[in-house]
Amino acid sequence: MALQDTSGGADPRTAARDTVIASAAPSANVSAGQINITPATCEAAGTSGPGTATVTISYPMQLLGGVGSVTLTGKGTMRCNG
């Protein structure tokens, strides 16, 4: 995966989720369940050229006045090992 392993051997996907959660705090209370990273490894992206890794975050947002909520979704994609 394109992520640098700075976690001392932890799974790169777990390290990436931890980084996202720490970066969002305290503005947004993001949990690991709201973060999806695909594919699991860059090798799973294919060998027919540079694959991509995608991070998708879904965040429920309460509307003003408490009259409902919407789910905000952010997605970022980059080339593996790039």
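In case you missed it, the structure is sitting above this.
Residues numbered from 1 in each chain as written. Predicted model: local features only at pLDDT ≥ 70, side-chain atom pairs only at ≥ 80, totals over all residues. Heavy atoms only, no water.

Participant: Tell me what's going on with helix 1 (residues 12-24), and back it up with residues and numbers.
Facilitator: In this model, helix 1 (13 residues) spans 18 Å end to end at C-alpha, consistent with the 18 Å of a helix rising 1.5 Å per residue. Buried within helix 1 are the following residues: Arg13, Ala15, Ala16, Arg17 and Ala24. (Helix = DSSP H or I, 4+ residues; strand = E, 2+ residues; numbered from the N terminus. Expected span 1.5 Å × (residues − 1). Buried < 20%, exposed > 50% of the residue type's maximum accessible area, 1.4 Å probe, protein only.)

Participant: Outline the nonpolar core, supporting the account with residue identities and numerical values.
Facilitator: Counting 5 residues, the largest nonpolar core is built from Ala16, Ala24, Val30, Ile35 and Ile37. Counting residues per element, the ones that place at least two in this core are helix 1 and strand 1 (35-38). (Core = buried A, V, L, I, M, F, W, Y, C linked by side-chain atoms within 4.5 Å.)

Participant: Give a description of a nonpolar patch on the surface that names residues and reports values.
Facilitator: A cluster of nonpolar side chains, namely Met61, Leu63, Val67, Val70 and Leu72, defines an oily patch on the protein surface of about 430 Å² accessible area. Mapped onto the elements, leucine 72 comes out in strand 3 (residues 69-79). (Patch = residues over 30% accessible without salt bridge, like charges linked within 9 Å, V, L, I, M, F, W, Y side chains within 5 Å. Areas by Shrake-Rupley, 256 points an atom, 1.4 Å probe, with all protein chains shown as cover. Salt bridge = Lys/Arg side-chain N within 4 Å of Asp/Glu carboxyl O.)

Participant: Any details on unusual backbone geometry? Residues and values, ideally.
Facilitator: A cis amide bond links threonine 38 to the next residue, proline 39, at an omega of -10 degrees. The topology assignment puts proline 39 in the loop between strand 1 and strand 2 (52-62).

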